[in-house]
Structures are given as structure tokens and as C-alpha cells.
Amino acid sequence: MNRLHGVLLWIVLFEVCVLSNANFRSGVLRIVSNFTNKLVTTETNVIDRKYNITSLIWCAVLCFSNEKCVSLFFLSDTHVCQLHNVLFVDTTDADDRPDTKYFQITEDWCPYDKGYVVYRPLALCYKIHEDEVAQAQAKLTCQDEGGILAMVKDETTFNHLYDFLRASSTIRQKHFQIGADDIAVEGSLRWADGSPVTWTNWAQGEPSHDTERCTSMAWFYYFKWNDIPCSHPVGFLCQIIKP
Ligand SMILES: [Ca+2]
């Protein structure tokens, strides 16, 4: 893989045969170039680590074959393939490690070139916006990208977003708006797609005020929910559902 040195963005499209069920699926492997020669060594988000993997393509096949795999480190000198259930976004969480490359896997329906991350078990992809804006602007920004504010309709979705937000230092201590509000009818919380909110994950003592009609995942509540004023500028999460 030495020929890839110096390539800032390398995308390869290929068909992956999933040996367990013989289905063919198409996937995209995208280098996360700012992590070149860096390795995240914390074990928290490792879902598998394989040795004697001599090629990047084989490492990618292992990742595509594991539905929870979101990203991989490939150590080309020692032939180690390390799979993760999240995408890391902060290089300060990684150690220097020569001959290492980091890749995000994604699918062609997910606009990874705009910063979206696919999570196959939920058939959705999502994007963190760290810029802090009021809910109306957050909604517009998601719409401009072909998405909507993220809907956290069940515990499985929450757990994945929790893992993702907790995995990187720069986002671990920020609040993120999600797409639940009761702007239309006070006291009747609805998701961004208009469906009623049935599963909730409020932090203790929340929701706290009738005037707080939008919702954020609050870092100081370990990303459990806090009702907030809709005019309050906060980061936000967009999502795109698999067509
Ligand atoms: Ca509140």
C-alpha cells in the first residue's frame, strides 16, 4: 500500500461478498487523512482486532462483514486490522504510529463527502454540527444537506450516538440539539418527521420548563435529554435515512 502515501483522499468502490450469507453489497472506503500515522489505542470502541491481515482490502472486507463496523485502522508493517464501532474525529485522542492508516467505511447513499457517518445497523447516517445555532437555523442546515434533525426514537439509536459523541474529546463536552420539539402543540412532543415522541430519555429533573420546547442531548447529563429554549444556540445532529 506504499503507493498510497501522500494521497489525501482515496476512495475505492468495490463489491464485498459477505461470506456468511453470500449477499453482495456495495460499500465505500474513505481515508481519514488527518489520522495518517496515528492510532487510537483506547479499547472502549474496539469491536475486533485481527492479526496477519496482509492487505488493506482484506481488512476492509472484515469491516464490511461486521455490520457494527464504522471505521478501521490498518497497520501495514505489522499486518494488524483494528475495527471500531464509531468514527473518531479528534486526532489528539490518537498516538503517533508509523505505517498506519485510518479509514471510514460508508455507503454511496450517505453523503460522506459532507461529513456524514453511516451506521448500518440503524440504516441511517448522521452528521455532527459543532457550530452553535438556534433550532430554526439547525433545521434549515440539515434540510440543505438533504436531511433532518436527528431522531433518537429508541435506546439502540441513543446508545450508538452516545458511543459516537463520547469517543472524541472535542465533542464529548458539547451539547447537541436533536429533532424533538413541542412547538406545534405545547406538551405534545414530536419528532422532525412529525411522528409523536413515544420513547424518551430525559435526564433527571428534565423536562424542566414549559418555555423550553426544543431538545438537546446534554453532555453534562451523559447525553440524556434536556429541554431547552428553541432560540438557544447549540450544536446539532442531522440525519439521513437510507432510501
Ligand atoms: Ca431543561
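Analysis parameters
- Residues numbered from 1 in each chain as written.
- Predicted model: local features only at pLDDT ≥ 70, side-chain atom pairs only at ≥ 80, totals over all residues.
- Heavy atoms only, no water.
- Core = buried A, V, L, I, M, F, W, Y, C linked by side-chain atoms within 4.5 Å.
- Buried < 20%, exposed > 50% of the residue type's maximum accessible area, 1.4 Å probe, protein only.
- Helix = DSSP H or I, 4+ residues; strand = E, 2+ residues; numbered from the N terminus.
- Domains from an automatic or database assignment.
- Contact = heavy atoms within 4.5 Å.
- Donors = N, O, S within 2.8 Å, 3.2 Å for Na, K, Ca; no water.
- Tetrahedral: all angles 85-135°; square planar, octahedral: opposite > 155°, others 65-115°.
- Phe/Tyr/Trp six-rings, centres within 6.5 Å; stacked < 30°, edge-to-face > 60°.

Peer 1: Would you mind going over the nonpolar core in detail, with residue names and values included?
Peer 2: Core analysis: the largest hydrophobic core is formed by 38 residues, its most contacted members being Leu165, Met217 and Leu237. Broken down by secondary-structure element, the contributors of at least two residues to this core are strand 5 (71–75), strand 9 (117–119), strand 10 (124–133), helix 3 (155–166) and strand 12 (176–181). With 4 residues, the single largest contributor to this core is helix 3. Lining this core are residues from two domains, each supplying at least three of them: domain 1 (2–106) and domain 2 (119–241). Apart from residues lying up to four places away in sequence, Leu237 is in contact with Lys127, Ile128, Cys142, Ile148, Leu149, Ala150, Leu161, Leu165, Phe176, Gln177, Ile178 and Met217.

Peer 1: For the coordination of the calcium ion, give the residues involved together with the corresponding values.
Peer 2: In the first shell of the calcium ion, the protein supplies Glu206 (OE), Ser208 (OG), Glu212 (OE), Asn226 (OD1), Asp227 (O) and Asp227 (OD), at 2.2 to 2.4 Å from the metal. Coordination at the calcium ion comes from 6 donor atoms whose angles at the metal span 67 to 148°, giving a geometry best classed as irregular. Every donor residue of the calcium ion comes from the same chain, spaced as E-x1-S-x3-E-x13-N-D. Of the two residues, Glu206 and Glu212, both sit in the buried class.

Peer 1: Break down the packing of aromatic side chains for me, citing the residues and quoting the values.
Peer 2: The final tally for this structure, using the stated rule, is 12 aromatic pairs. Ring centres of Trp199 and Trp225 lie 5.8 Å apart, and the angle between their planes is 85°; on these two criteria the pair is classed as edge-to-face. With Trp199 in the loop between strand 13 (190–191) and strand 14 (214–217) and Trp225 in strand 15 (residues 225–228), this residue pair connects regions lying 26 residues apart in the sequence. For Trp199, a relative accessible area of 24% puts it in the partly exposed group.

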